[in-house]
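An overview of the molecular structure
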Amino acid sequence: RDRAKKTLGDVASGLDPAAERAAGQRAHRERLEALTVAQLVPAFLDHCRAHCKPATVKEYKRIFKHDIVPMVGSHRVAELTAKHVAALHLSMRKHKYSANRALARLTTFCSWAERVGERARHSNPCSDVKSYTENAKERFLSTEEIQRLGNALRVAETVGLPPPPELQMKPKSEATAKHRPKSADTPIPANPFAVAAIRFLLLSGWREGEALSLKWTDIDFERQFATLGDTKTGRSIRALGPEALSLLKELPRLAKSPYCFPGAKPGAHLKEIKRVWYAVRLAAGIKDTRLHDLRHTFASVAAGEGMSLQLIGSLLGHARPETTRRYAHLTEDARVSAAGKVAGSIAAQMSGQPQPATGLSIA
């Protein structure tokens, strides 16, 4: 009777209890029909395949499968909160780089979910989760290390290098070890295209994928540049030095292969050079060096020559100036060195001493 009186009072004041009850039931039904993160991921990856490079899609798929879905996959997309995202990020704190990549991918996913109507607009739960500070890996080869690398490459292509311990074939048991041929680890000359590719990476500063997929039609030997149509940052025009061009000219051209560094499969380019690289870096005494560090070394030498960040970014194919700013401290060192040479020359003239050669030119 009391509830009836209250309902009559609500109706008298203009409310519609029946409509409210229906709205509540509708909201409950919509909640049950809402997709979970795990259910929506396949549609998101389809979207990525239409707009991103295959390597990017592959990396997205790996991160969602191994990092994101196990933690938040059962949550409704519309109900995913900053608390859920923060818990995911915190659980990966021992691997800060991976944690930040997972956060970035989930941010992209939620933004896309807003655009397709699976979340309210401007409700991205990742916005309030702060990324971990990362210590960027910067490894530059010294002059002596570059010389040792050059010597190791020459040995690799002529005599051959033994495989490093992590790539040596280990017998499964003592019985199989007895029958293992003694020649299993005998050095043999390395794939000449793999050796040439490593040299080219150091002489050009290119990314590994850009070099290995280089086609002869991409190169203008007369004007000394290459036009790459599908790089990490899109279409890119790269200048090439005489030494890099000379290396390319000396490479044999295989029939029916459009690539400068052809692979074993007809019509395909060289897929990986890490086996040769691991053996070479071990022989050169630079085991802590990655292939990507050859790109950093190219940039450091350019900075040491007094080149501007803008010019270095152009040589490396950076699309954004922010990417090149990581080398700012190297250009500052070059400017300090140049200032010292100029000041030393002026001081010598003021004191009446012979002027030392500065090695500088004004352009």
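That block above? That's the structure.
I will try to describe carefully the structure that is included in this document. (Residues numbered from 1 in each chain as written. Predicted model: local features only at pLDDT ≥ 70, side-chain atom pairs only at ≥ 80, totals over all residues. Heavy atoms only, no water.)

**Observations regarding the sheet that holds strand β2 (residues 225–231)**
Formally: Strands were regarded as paired on the criterion that DSSP finds at least two bridges between them. A helix here means a DSSP run of H or I that spans at least four residues, while a strand means a run of E at least two residues long, and both kinds are numbered starting from the N terminus.
Strand order in the open sheet formed by 3 strands is β1-β2-β3, and the pairing between neighbours is antiparallel. Two strands lie at the open edges of the sheet, namely β1 (219–220) and β3 (234–239), each paired on one side alone. Direction of pairing for β2 relative to β3: antiparallel, over a ladder of 5 bridges. The residue of β3 that forms the bridge with L228 is S236.

**Re the pattern of salt bridges**
The criterion, for reference: By definition, a salt bridge exists where a carboxyl oxygen of Asp or Glu is found within 4 Å of a side-chain nitrogen of Lys or Arg. When a residue's accessible area, from a 1.4 Å probe over protein chains only, is under 20% of the maximum for its type it is buried; when over 50% it is exposed; and in between it is partly exposed.
Summed over the entire model, instances satisfying the criterion amount to 11 salt bridges. Between R62 and E59 there is a salt bridge; the shortest N-O distance is 2.7 Å. Residue R62 and its partner E59 are both found in helix α4 (residues 54–72); the two are separated by 3 residues, about one turn of the helix. On the basis of relative accessible area, E59 is assigned to the partly exposed category, the value being 33%. R290 is the salt-bridge partner of D293, the closest N and O atoms lying 2.9 Å from each other. When its relative accessible area of 31% is taken as the criterion, R290 is described as partly exposed.

**Brief notes about the packing of helix α13 (residues 293–304) against helix α16 (residues 328–350)**
A pair of packed helices is characterised by two quantities: the angle between their axes and the separation of those axes. As a reminder, the rule being used: Axis angles are defined between N-to-C directions and span 0 to 180 degrees, where every axis is a line fitted to C-alpha atoms and, for a helix, only to the segment in contact. Working rule for angles: under 35 degrees goes down as roughly parallel, over 145 as roughly antiparallel, 65 to 115 as roughly perpendicular, anything else as oblique. In this scheme the crossing of two helices becomes right-handed for a clockwise turn of the near helix relative to the far one and left-handed for an anticlockwise turn of less than a right angle. Whether two residues touch is decided by their heavy atoms; if any such pair falls within 4.5 Å, the residues are in contact. Polar here means any residue outside two lists: the nonpolar Ala, Val, Leu, Ile, Met, Phe, Trp, Tyr, Cys and Pro, and the charged Asp, Glu, Lys and Arg; Gly therefore counts as polar.
In the contact formed by α13 and α16, the axes pass within 8 Å of each other and the chain directions differ by 30°. One element, α13, and the other, α16, form an angle in the roughly parallel class. As α13 packs across α16, the resulting crossing turns out to be right-handed. For the pair α13 and α16, contact is made by S300, A303 and G304 and by L330, T331 and A334, respectively. Partitioned by chemical class, the residues of the contact of α13 with α16 number 3 nonpolar, 3 polar and no charged.

**A few points about the environment of R275**
By the secondary structure assignment, R275 is in helix α12 (residues 274–283). Here the alpha-carbon distance between R275 and A194, two residues 81 residues apart in the chain, equals 9.2 Å.

**Some thoughts on unusual backbone geometry**
With phi around 60°, Q224 is a residue other than glycine that occupies positive phi space. Structurally, Q224 can be placed in the loop between β1 and β2. Phi angles above zero are rare outside glycine, and K256 is one such case at about 65°. For K256, the position within the fold is in the loop between α11 (242–250) and α12. Since its relative accessible area comes to 81%, K256 is described here as exposed.

Purely spatial values, then, with no claim about function.
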